[in-house]
Structure formats: structure tokens, C-alpha cells
Amino acid sequence: MKLLKPSWVSHNGKPIFSVDIHPDGTKFATGGQGEDSGKVMIWNMAPVLREEDEKNENISKMLCQMDNHLACVNCVRWSNNGLYLASGGDDKLVMVWKRAAFIGPSTVFGSSSKLANVEQWRCVTILRNHTGDVMDVAWSPRDVWLASCSVDNTIVIWNARKFPEMITTLRGHTGLVKGLTWDPVGKYIASQADDHSLKVWRTVDWQMDANITKPFSECGGTTHVLRLSWSPDGQYLVSAHAMNNSGPTAQIVERDGWKTNMDFVGHRKAVTVVKFNPKIFKKKQKNGSSPKPSCPYCCCAVGSKDRSLSVWLTSLKRPLVVIHDLFDKSIMDISWTLTGLGMLVCSMDGTVAYLDFSLDELGDPLNEEEKNSIHQNIYGKSLAITSTEAQLSTTIIENPEILKYQQERQNSAQANSGPGAAAPESSAPKLNSVMNGESLEDIRKNLLKKQVETRTADGRRRITPLCIAQLDTGDFSPALFNSVPILPSGSSMSSQLTPQLSSDSSPGQASSMGLKPTHDPMLTSPPPNNTAKPMEDNNDGVKSSLLLTSASKIEPMKALDSRFTERSKATPGVTAAISSTAKTKEETSSDSEDKMAAINKNLTFGKRKPELLLDGREVLEKRKKGRPRKDKMAASMAQPFTQVEGHVDDLKPENLLNSNSIQVSMEPSVFLEVENEVSMVAGSKLSQLRCSRDGRDWNTLLPSSVVVAAGSSDILAVACEDRMLSVFSSCGRRLLPAIQLGTPASALHCSAHYVMVLTAGATLSVWSVFTVLFSMKTTLFVSSGADTTVSQSLLTQQGVPVIGLSNGKSYCFSSSLETWTLIADKSDSLVQCADFRSCLPSHDTPVSSGPLAVMQGRNLNAGRLASRLSSTPHHLQQSMTLAFLENQLASALTLQSAQEYRYWLLIYARFLVNEGSEYRLRELCKELLGPVHKSAATSWEPTTLGLRKRELLREVLPVIGENLRFQRLFTEYQDQLELLRNK
Amino acid sequence: MAKVQVLNVAVLDNPSPFGNPFQFEITFECMEDLAEDLEWKIIYVGSAESEEYDQILDSVLVGPVPAGRHMFVFQADAPNTGLIPESDAVGVTVVLITCTYRSQEFIRIGYYVNNEYTDPELRENPPIKPDYTQRNILASNPRVTRFHINWEGCTERMEDCENVDPSSNSMLPPSCLPGKAPPLGVLPDNSMDCL
């Protein structure tokens, strides 16, 4: 083991609270206290690793420093893909940083330090939610989430694909939360707090899974941080500060049942940080020794307030090494290199130490393949399924297609993470390009003359600034952060940021202004100058000395200096706040008024017809009492489900019964109005059916009261009390002769040119009107008990009838199978246990909508129970999910809902890819591809539900290509598709 | 963090006769489109003694400001000599450039300004009634102070950000001095011992 303390890694002697090595090992970040703010610094790793690089003055050691945090930075963490850096600090903020491309080294305007930032890191997003200091941040294993914990006792999970969106807040700790770690498998996140507890939370429903308190009952809140860590195989969780027999320990928590039987003992003071080596090791095979397979083990580093560091191997009972007196103060953070052989440790004393281990000491690190197989054995799935760079390096890509695809994927994921590290010349500013060939110099010469200056209404000058560069938003990867255009900035870091509490101090008291005046020589004390001293004592003397001092020499003075830092009285903070409040209020109110007006406008526009008809309706209201009651047999039978058409109904379904007007179609807009007992002619009651389509009205009279009416954009249908069904075209032409129904109609639906009637006698009929074709008539089979009633019914655009029963089951009638098929069962345990959320398509694709989704409920509660079953073996859940997805596919197929079929097919494929079930994938591909050579005997249909199967395959293949394990499959079908296309 | 970062201020026409207008070429970068204009001011400090003698030379609105990097030249007339105390006419004073957003000042850039006679004769024996000659802005040494303001226009947030507890940094745990821990007693069997 080699030990090095690079003295140049420092925050000018201020404490360093956090250190993290970049996944590519070329740089590392430190976080801590700056002069008068929090500080994040990025350092070059090469000078730490190689002495010749350290001595080479051309190799910059410091790459970037960011002073944007207002207060001490407690934690810095690189995302696993290395593109982002997250930092959390005492200013309650989490900032996410990204390397800015195309901006060369620069100094901060007004900064005294002439040290240039070699790399530019911009803050791309600020996450505000915590109400107290942020103590720790952690990226989830695949950078889907970012977690942050705070002294406000909460943990916030952020959506790392859509900052600053919050996923959830985990509440439950009753003390300062000081450490976080994700389970490498991705199922849990663990937190440790000052409330003497370590809590494990499930990621599936963000509920607490375990609350471990026993080992911590004796602990006092004496450590600044409690950085716990999860072993790379996921089997053990090791806590920071725990106590055993009044001795400080690091508690080992087993994943299996969260047992706490073991601990790391020996530190004399509280353990502040535990960090597992990312590698799993196996014993080094010595020459000549028998190659008996040894058990793989993990390696763990423990740092403590006692200033010592211990490194443990889980195969040994004693620590591999203990290093005392490495620092003058408590150890604050530890970071391993991804190779598992290097480690950086930082301390409150403001120094950093680097430890370099050899393979002889730690053992042979398992390669990704072996690590995956361990995961596969334990959890039934490989963790590195979606290709990581590490996996890429060990898997040979055999096909140029897949290589191309992988590269495209990487490019889109990384979207130019910037030119190579520490290469300033390649990242020269590209500002000139945006200005039509005119150079910046030319522009500057004429800027005063050319700039647009106008006068505002109140006579003030207003200058339109000249935009000289767009921000490089292009590198804002759509794959990550695909949301709002949070535009990066921060190339100039404010090293002198001085938050002010008040602004009414008088000159000469400047030192009382800054928050930390003692740390602030730049702002309050003038450059070394002998004359400044006496002036400080005698403010009255300032004026005279001003005149006395030689005019050619500029003498900084306190009185003047104070003016630099003091806010002008014209805009004191308080009034500013008030006026801005007022303004905001004004704005919001006027805004909302505007909105209301707009909405009203929309409403009146959209519903103009019903409003016009309102008068008539009121008159009708009184007469309606004599309206026929429907047969009670089919409970809540009349719930016309006009949503089948995918339209949003302004009017509730009941409106059909209560009011007499419904809108049956939006595009074209069709309103249907029924007026029963409109007139008495020769003792018989006549009913009137009025319809307005795109502003054109027609009406017709019916001899009996209308019970149910429905319509689509093409047709209208009404069922009357006398069991007659009449069907009209959208222009009011009668399309079919009055149909006599056997029993009173209880539900009536129109969709496209199909009419469906469900009668009280439990028969269901569907007619295709234009072809005057009777599609089907069937009797509802009476299932499971007499009290089951039809709670929902609908007709799809393809004329497939669907009914939902009150017992939560939904059926559709398949005309090809001539039978009813089950498409949804709300109590189906498969639905509730299936966990396919990881396979859902990216956020921007709309959720599936269609008859299947309607019948299964919008918030498909799939996965609701998954959390409860999180202890069930993985393979069981896997099978349940598989079964569920296959059910969904089959249901979508019977419903002839093409979009939903495609949606579930892609999820299904992704799930198969993630779970690595090659047989099913192959069969799926085979079915989609069909026979390559045509022969008469094949019964293969090239399309399904109007979707071309080969097109579907083309969509599925990229999903398969994501997992390099299936590259042969990918290649095989890619080739065949190409072949077929060329034919 | 501030949405607007001042990247550079170039002092144009410097040094120059006292009566010439001030000219600053300001380059700034904005993270997101701003809903309101920025207001820039040039303040000339007439006397170190008192703010009474401050002169706001000019204030301009700058906008619209979309996200990106922008520049403009801020020109303002020279200060009114009549408002400057005679005793402060010659010597060192300060000119300030401030920028406010939603009436909140978020940056203050200060320059030392030296007013002197170019004529050695006058330097030695300054006239009783000063006649300004040369203004020299010490452009190489801007003094920049940044203030944390509320950019969003929502006041709750503002409370959060503005009132940063000044003692938040003193919340560090007490320094951990090396010391002897009490003896550990009997260790459980299942512990790993490194003593």
C-alpha cells in the first residue's frame, strides 16, 4: 500500500467535508468551506497518481472551482455516468453541475485570484425543497433518481431525468438525516440519522421497509455526517456510528431480514464514514497453489472521528490495515476509484490523502461478467443489463449495426460531454460563430452606435442588449434532463458573494456588513497600505488625507471601500421585497383573471349549443317528472360511455337522464337533445329528438318516450320506452327500420358506424349500420352470483362490445372466437403484483389510452402490491409480471386496440430484454418477422390490428439491442429485416 | 444562484477629460429568459464622506433578456460638478455600477476613480476653484460584490434564500481533538476486533 497526501489539494486550509472520484478516474471533486461561501472544487487526478505529472507545471492540478453555494458544501457526488456532479450544502440547496462545452479557461470577473478554471462546470439546476442544511446526496445506481437528505429530518428523491421534479419526500426520521446509500440492486435506499435509527426505504412505493434502532440506541449526535454504505453485492449494509457495549462500531446489517449480528469494532471514536469498494474480489491465485475456488469477498473502508482509517475485507476477521494519525481532525468522506485499487480520504483538517493498493493486498477484482453472475444468482437478474461502459469494455461487439446503435445511444446520452479533459485549446470559445461572420471586435467597435435604445412609456431609456451567444443548450442531453430548458450558467463564479442582511449601516462600518467579515479581507480591508491604518481610526481625517495624499497614487479607503459592498439605499432589500410581493400579487391576480376569462371564453365557445338550449330545458324540467323510470334490472345501466371515442365529455354521463342534451361528438361537434312528451296529439305522447351538428339542426319526432340515446360522429341511436330502437344518420335520415328489442334497452352505445344495445334481458346486439349488417347477438352469460350487475359497457371503434361487471371483471366479445373473453379483472392478483415499471417507456411518451385502459381504470394499480411482495423471491415476481404483460397483450388483441397492443408489446419486449429471457424474445421476433420465403402453406398474416408486424419488429429490435447479451439475436433479425426490405 | 452573471465590464474612453460621458461595455450572461428588464445604474460618489453627494448619473432598463450571453454599452453623462464638494473635487473617489432585478440589487461593481490635473503646475498648486481636467478609472481593479436576491418573484422563497443564517457555518461539530477513548470492555464474540 502506498500513501500520499497531496498538499496542493486544499480549500486554503478550510475543512473539506466531501470527496468523490469521477467514474472515469481522471478527476475528483471536493466540497467544503470556502472563503465566505461554500466551495466545490474539481481536481485533476493525474498529478495525484503520478509524480512526474505532479511536477509538470503544464498539467493543471485544479480544474474548476465553484463558489456558488452560499454556505458550506457537505457533499459532492458524481452521477454514475459521470456527466453530472451534485453538491449539497448548508444553504439548503442541492446544485447539479454539468461540464460546459465550448468555453475555454476563464477567470471570474472581479475575482482577485488569477487562477483560471481549466474546465467550466455550470450549475444546470438548483434543487430547492429542504428547509435545513443538506448533509448528503446520492445518485441511484442508474442515475434515475437523486436523493438528498437534510437536517430538516427528510429525504427528498428527485427525478434525475427531469430536474427539478421531485418524486417524493421520505418522512419518518425524527432527527437530522446525515447519510444516504442506495442498494446497488436498486430496490432500497437506506438513511442514517441522529434519531438513533437507520431506516431502509423501498424504491417501489417509497415506504419504509425497516427501521433499525437497536445498535444506535446509545449513540449521541456527535458526528457531522453519518455516511453509510451498501456492499457491491447488495448483501450487506454497513452503518456509520453505532455502539456495541459502549464502544463505537460500524454496524453490519444483513439484507436478509435486516439482521444486525456483526459489526466492525476497534475505532476509538464514532465512525463518520463507511465506504465499500465498488469491486468484488476473489483470492489471488498463487502459483502452485491448488486452484480451488474461493468465496468472493468485499472490501470496506471505515473512517472515524478518531482520525484513523481502517480497511476491511469481509473474508478476514481483522482489518487489512489500520492507519492512525493520518489527519489532525475527523475523517469526513472516503471515495474509491472504480478500479477498486485507489482511495481518497478527506478530513475536517482540510487535507486529503490518497491510498494506493495492489492486487496482492486486496485480491483479484471480479470482472463485470463475474459480478453480474453473482447478482444473477442472488437476485435472478443482472444489474448491468442496460449497457454500461464497464460492460462495453468487456463485451465484444460483433456487429457493426449494433455498434452503431450503441454509439448512437451513447452519443445521445452524453450529447457531447465536452472535449477531452483538461484540453483547453480544444475548447476555445465559439462565440464568433453566431454573429453572421462579424467578429466580436467589430461588433464592439460599433456597439454604442448600433445598439437599439428606446424610451419606455414613462420616458426611461431602455437598451436592447445585443445577444452575442446562445447558451450551449445543445449539449443539454435530452436523454437526461429532457424537461424544461434549464439553461446553464455559472462560468463566472462569485468569489465575493456577500449576503447582506441590512443595508442601512453607515460608511466606515463596512466590516459589520458582511456576514463573515473576518473571512473577508477582500471586501473590507484595503490592500496593504500604511496610510490606511490611521484613516481607519479617524474618519474625519479621510477628507483631509484625501487631499494630502499624492493625487497620482490611488489610495483605497475604508469609507470608499464600504461603498463597494453596500447596497444602494435607493433599493433597500425590505422595500424591494414588499414591492415585489405586491407586484407578484397583482400579476397573479390579473393572470388568473385572464385565465378565467379565457376559460370562460372556451366554455362558451365549446358549449354554445347547450347554453342556447338552456331556456327550453328549464321549461322541460317540470314536465320531466312523468319520465319513464328505467328497468332496475341492470344496475346503473345507463352510463353511456362516450369516452370510447376518445373525446373528453364536458357533460357527465348522467346528463343524459337529468338534462336532455348531450354532446355525442366533439369533432364534428354533435349535440343531441331529447325532449319527451313534447306534445299531445290525439292522446298519444310524442317525443322530440333534436340534433345539432356543426351548427346545423335537425329534429324528428318519435311516438314514444326516449329512454336512452347515444351517438357518434356518424350515427345517432335512440331506444324508446316501447322497446323500439331507431337509428339515424348524422343528418337525421333514418338508417334502419325501427328495431324491436325483446326487452327494454338498458344501455346503448354508438361508435363509428356501430350500434350496440344491451337489454334488460341480458342480450347484447351489435349492428354495423352502413353495411346494414348484423354483427352479433349474444346472451350475457350469467356468472358468479345473481347480484353481479353490469356496471360499465362500451363499444370500441372497431365494433367490439365490452362490458364491465360489478365484480370488477371486464369482458369483451370476440367475434372470431365467438365467445366472451376476460380482459380485465381488478382483483386479479397478477395485476397487482406485476412490477414492470422499470420497463415503461420514457416519460415523454403518453400513457396508453384506449378501451383496455378505460376498462382497467386509468390508474392501473399494477405494482401496488409489488411492494408488499418485495420479500418474495425475484423469480416469482418475474413470472407474475410476465404473465400479466402477456394477458395485457392478448386483451389488447381481442379488443382490436392497435395502439394499446403496440404499447404493451414494447413494454413486454423491454421486460424480456431486462430479464434476459431469450426464448420468449426469440419466439416473439419470429412471430413478428414471419416466414422469410413465401409459400402457399404459410398462414402468417403480415399485419396485426392493422399494424405491420415487421414494422413492430423494427421498433422492438432497438430495445433488444440495448442488452449486449442479445446482440446475436439483434443481428440475426436485423439482417433478415434488411434482406426482406431489399427484396 | 443568480440568473444573471456579469462576465466582463470594459471601461471605454479611459482616461478621459472629466466632462466626457462615462462609457462601460457590459457583458453578461443569463441562465433563463427574464420576465422583467434589468435596471442598470451608474452612481458617482461625490464625496467619501457621505452618500448625500452621490449622484445617480443615469439609469437604463435593459431588456428583453432572453437566455444567452449579451452585451451593451452603458453611457452616462459626467457628474454635475456643482454637486460635488470642492474639497472632493480632486483625488480619489468611486464610481459604482449596480444592477437590479425586480428592484433588488444583485451586483455592485465599483471602480476607483482618480481625478487629477495633468498640468504639473496645477498639480503643485491646485486652484481654489477646481477646474476638472482628467478622469482616470482604475479599470484593472474592479471590486465586485454580489448579493443574493430572489429571482423568482415569490416571496416565501425569498425568505428562505435571503435570511441565510449567518451562523450556519459555525454549526460544525466541535473539533475532534485526539484523545483517549474509554476502555472498551468485553467485546462480543461476533465482532471483528482490530484493537
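What you are looking at is a predicted structure, and each value in this text was computed from that prediction instead of being measured.

The rules behind each value
- Residues numbered from 1 in each chain as written.
- Chains lettered and ligands numbered in written order.
- Predicted model: local features only at pLDDT ≥ 70, side-chain atom pairs only at ≥ 80, totals over all residues.
- Heavy atoms only, no water.
- Helix = DSSP H or I, 4+ residues; strand = E, 2+ residues; numbered from the N terminus.
- Contact = heavy atoms within 4.5 Å.
- Areas by Shrake-Rupley, 256 points an atom, 1.4 Å probe, with all protein chains shown as cover.
- UniProt positions renumbered as here; feature names shortened; annotations may be inferred.
- Phe/Tyr/Trp six-rings, centres within 6.5 Å; stacked < 30°, edge-to-face > 60°.
- Lys NZ or Arg CZ within 6 Å of the ring centre and 35° of its normal.
- Salt bridge = Lys/Arg side-chain N within 4 Å of Asp/Glu carboxyl O.
- Buried < 20%, exposed > 50% of the residue type's maximum accessible area, 1.4 Å probe, protein only.
- Expected span 1.5 Å × (residues − 1).
- Pairing = 2+ DSSP bridges.
- Axes fitted to C-alpha atoms, helices over the stretch in contact; angles between N-to-C directions.
- Core = buried A, V, L, I, M, F, W, Y, C linked by side-chain atoms within 4.5 Å.

1. Topic: the overall build of chain B
- The number of helices and strands found in chain B is two helices and 10 strands.
- Along its sequence from the N terminus, chain B presents helices and strands in the succession β-β-β-β-β-β-β-β-α-β-β-α.
- Sequence-distant contacts, at least 24 apart, represent 65% of the contacts inside chain B between residues at least 6 apart.
- Split by element, the accessible area of chain B, about 7,700 Å² in all, is 51% carbon and sulfur.

2. Overview of the overall build of chain A
- Helix and strand counts for chain A stand at 22 helices and 50 strands.
- Within chain A, counting contacts between residues at least 6 apart in sequence, those at least 24 apart form 55% of the total.
- Looking at chain A as shown, the accessible area adds up to about 42,900 Å², and 53% of this sits on carbon and sulfur atoms.

3. Regarding the UniProt feature "repeat: WD" (unreviewed entry) in chain A
Residues and elements named next belong to chain A.
- The feature "repeat: WD" (unreviewed entry), as given by UniProt, occupies residues 66-98, 127-168 and 170-201 in the numbering adopted here.
- With 0% helix and 58% strand, the stretch residues 66-98 has end C-alpha atoms that lie 12 Å from each other.
- The span residues 170-201 shows a helical share of 0% and a strand share of 56%, and its end C-alpha atoms are spaced 8 Å apart.

4. Some thoughts on the packing of aromatic side chains
- On inspection of all chains with the given rule, the structure shows 23 aromatic pairs over all chains.
- Here a set of aromatic residues connected by ring pairs shows up, and it is made of Phe18(B), Phe22(B), Phe24(B), Tyr44(B) and Tyr111(B).
- Its guanidinium or amino end placed over the ring of Trp8(A), Lys61(A) lies 5.8 Å from that ring's centre, counting from NZ or CZ.
- Over the ring of Phe22(B) we find Arg135(B), and its NZ or CZ is 3.8 Å from the ring centre.

5. Focus on the pattern of salt bridges
- Taken as a whole and assessed by the stated rule, the structure comprises 29 salt bridges over all chains.
- Residue Lys178(A) pairs with Asp194(A) through a salt bridge whose shortest N-O separation is 2.7 Å. With Lys178(A) in strand E14 (residues 177-182) and Asp194(A) in the loop between strand E15 (188-193) and strand E16 (197-202), the pair connects residues that are 16 residues apart, well separated along the chain. For the pair shown, Lys178(A) and Asp194(A) are each scored as buried.
- Two residues, Glu105(B) and Arg108(B), come together in a salt bridge whose shortest N-O distance is 2.8 Å. Take Glu105(B) and Arg108(B): they sit in the same class, and that class is buried.
- Several salt bridges converge on common partners, so that one network encompasses Arg77(A), Asp136(A), Arg227(A) and Asp333(A).

6. A closer look at unusual backbone geometry
- Of the consecutive residues Asn14(B) and Pro15(B), the connecting peptide bond is found in the cis state with omega at -10 degrees.
- Along the chain, Pro15(B) turns up in the loop between strand E1 (4-12) and strand E2 (16-17).
- Cis geometry is adopted by the peptide bond preceding Pro64(B), which originates at Gly63(B) and carries an omega value of -5 degrees.
- With respect to the helices and strands, Pro64(B) occurs in the loop between strand E5 (54-62) and strand E6 (68-76).
- Unlike most non-glycine residues, Trp206(A) shows phi in positive territory, near 60 degrees.
- Mapped onto the fold, Trp206(A) is located in the loop between E16 and strand E17 (208-212).
- Relative accessible area serves as the criterion here: at 13%, Trp206(A) is assigned to the buried category.

7. Re helix H19 (residues 898-915) of chain A
Residues and elements named next belong to chain A.
- Along its 18 residues, H19 runs 25 Å from first to last C-alpha, staying within 8% of the 26 Å computed at 1.5 Å per residue.
- Most of H19 is tucked away, with 14 of its 18 residues classed as buried.
- Remark: Gly916 follows H19 within two positions and exhibits a positive phi of approximately 70 degrees.

8. Structural notes on the sheet that holds strand E9 (residues 121-128) of chain A
Residues and elements named next belong to chain A.
- Strand order in this open sheet of four strands is E6-E7-E8-E9, and the pairing throughout is antiparallel. Because the sheet does not close on itself, it has two edges, and the strands there are strand E6 (73-78) and E9. Here the average twist between neighbouring strands, direction ignored, is 20 degrees.
- Note: strand E7 (residues 84-89) against strand E8 (residues 93-99), five bridges, orientation antiparallel. Across the sheet, residue Ser87 finds its bridge partner in E8, namely Met95.

9. Looking at the nonpolar core
- Counting residues in each nonpolar core, the largest one holds 45 residues, and the members touching the most others are Ile823(A), Trp904(A), Leu905(A), Leu953(A) and Ile960(A).
- By residue number, the principal contributor to this core is H19(A), which donates 11 residues.
- If sequence neighbours within four positions are ignored, Leu905(A) has contacts with Leu889(A), Leu924(A), Leu928(A), Leu952(A) and Val956(A).
- In this structure, Val11(B), Phe18(B), Phe72(B) and Ile149(B) belong to the second largest nonpolar core, which totals 38 residues.

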